[in-house]
Amino acid sequence: MKQTAVVTAGTAGIGLETALGLAEAGLAVSVVGRNVERGARAVERINATAPLHSARFLAADLSSLDAVRELANRITADGPLTVLVNNVGAMFADRQDSADGIEASFAVNHLSPYLLTELLLPALRAGAPSRIVNVTSGAIGVAKRVFDAVEPPGGYYGFHWYGRAKLANLAYTLELAGRLDDTGVSVFAADPGGAATEMTNGTMRNPKIVSPGLRLLWPLVRRKFERSTSGPASVAAKPSIFAATDDSLTGRTGVVIGPQAHPVTPFRAATDPRTADAVRRLSEHLAPLTVG
């Protein structure tokens, strides 16, 4: 049976490098993105490496839950799925809503991969042994750990809210690993560390994305940040590629792969069952698996 992979936000940066790595490993890769021209360029670049299977582009705006549902239906119609890499991520300097009227950072960084994953579980079970890889971030360390509502109390600061959404997704990832144990579907988180991407070269340079207390240290933080995010996306993609393909992970699940592409201890707050329960209740409320 042909092994297949889907990489969200796979038309550039870390996502494209991940797709290239999966194609090199022999998987038939579909890259998901919003821009058709970028998608065509990504497919052309992957296919230029003479992979075992040709790549394809799937157009979808993953900030829209209806678009996520449509994407899941299209992927499911293709049959069994071997690897799903939820690479999508976005940070916003100013608060904004998604197409569904949900705060955009939480919608894109957690609800989108949550909903896509849940809807693709039948295809992943059919493709077992299969793997789910959710891309996480060190930004979870500055996140508010309150999930009784989509928006935490206090002012909007993009970096902290991005971290909170990534914390929600990591807690979900570890909970899902336990839920799918012994099904043949393994679940991993991958932390890419820092890389020079559109997000790090754009939004992350704006001091308003952090709370006022951190802004006082911004010159120091920015210099350190620039050193840590100056590496190539190809290096940052290695944890995702490792999680998706490495034989040493066969039979394992619920593992976090760190920036050095080896297992690391999960962030403690993400292992709290109370956090996972709160995240799941909120996710089911905001992104129901069935509509109507």
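Residues numbered from 1 in each chain as written. Predicted model: local features only at pLDDT ≥ 70, side-chain atom pairs only at ≥ 80, totals over all residues. Heavy atoms only, no water.

As a packed pair, helix α1 (residues 13–24) and helix α10 (residues 238–245) sit with axes 9 Å apart at the nearest point and diverge in direction by 35 degrees. Crossing of α1 over α10 shows right-handed handedness. Contact residues: Glu 17, Thr 18, Gly 21 and Leu 22 in α1; Ser 240, Ile 241, Ala 244 and Thr 245 in α10. Class assignment for the residues of the contact of α1 with α10 results in three nonpolar, four polar and one charged. (Axes fitted to C-alpha atoms, helices over the stretch in contact; angles between N-to-C directions. Helix = DSSP H or I, 4+ residues; strand = E, 2+ residues; numbered from the N terminus. Left-handed = near helix turned anticlockwise from the far one by under 90°. Contact = heavy atoms within 4.5 Å. Nonpolar A, V, L, I, M, F, W, Y, C, P; charged D, E, K, R; others polar.)

So, about the packing of helix α5 (residues 158–179) against helix α11 (residues 273–286). A packed helix pair is summarised by two numbers, namely the angle formed by the two axes and the spacing between the axes. Contact geometry for α5 and α11: axes closest at 9 Å, N-to-C directions at 100 degrees. Comparing their axes, α11 and α5 come out roughly perpendicular. Facing α5, whose interface residues are Ala 168, Ala 171, Tyr 172, Glu 175 and Arg 179, α11 presents Thr 275, Ala 276, Val 279 and Arg 280. A class-by-class count of the residues in the contact of α5 with α11 yields five nonpolar, one polar and three charged. (Parallel < 35°, antiparallel > 145°, perpendicular 65-115°, else oblique.)

Okay, the environment of Thr 117 next. Structurally, Thr 117 can be placed in helix α4 (residues 104–126). For the pair Thr 117 and Ile 132, spaced 15 residues apart in sequence, the C-alpha to C-alpha distance is 7.9 Å. Not counting the four nearest positions on each side in its chain, Thr 117 is found in contact with Leu 84, Asn 86, Ile 132, Asn 134, Tyr 172 and Leu 176. A polar contact is formed between the side chain of Thr 117 and the side chain of Asn 86, at a distance of 2.8 Å. (Polar contact = N/O pair within 3.5 Å; in protein donor to acceptor, adjacent residues only side chain to side chain.)

Pairing within the open sheet is mixed, and its eight strands lie in the order β3-β2-β1-β4-β5-β6-β7-β8. Strands with a single pairing partner mark the edges of an open sheet, and in this sheet they are β3 (56–59) and β8 (263–264). Alignment of strand β2 (residues 28–33) against β3, held across four bridges, turns out to be parallel. Across the sheet, residue Gly 33 finds its bridge partner in β3, namely Ala 59. Sheet strands in contact with α5 are β5 (130–135), β6 (185–190) and β7 (255–257), and its direction is about 155 degrees off that of β6. Across the face of the sheet, α10 comes into contact with β4 (83–86), β5, β6 and β7 while running at roughly 160 degrees to β5. (Pairing = 2+ DSSP bridges.)

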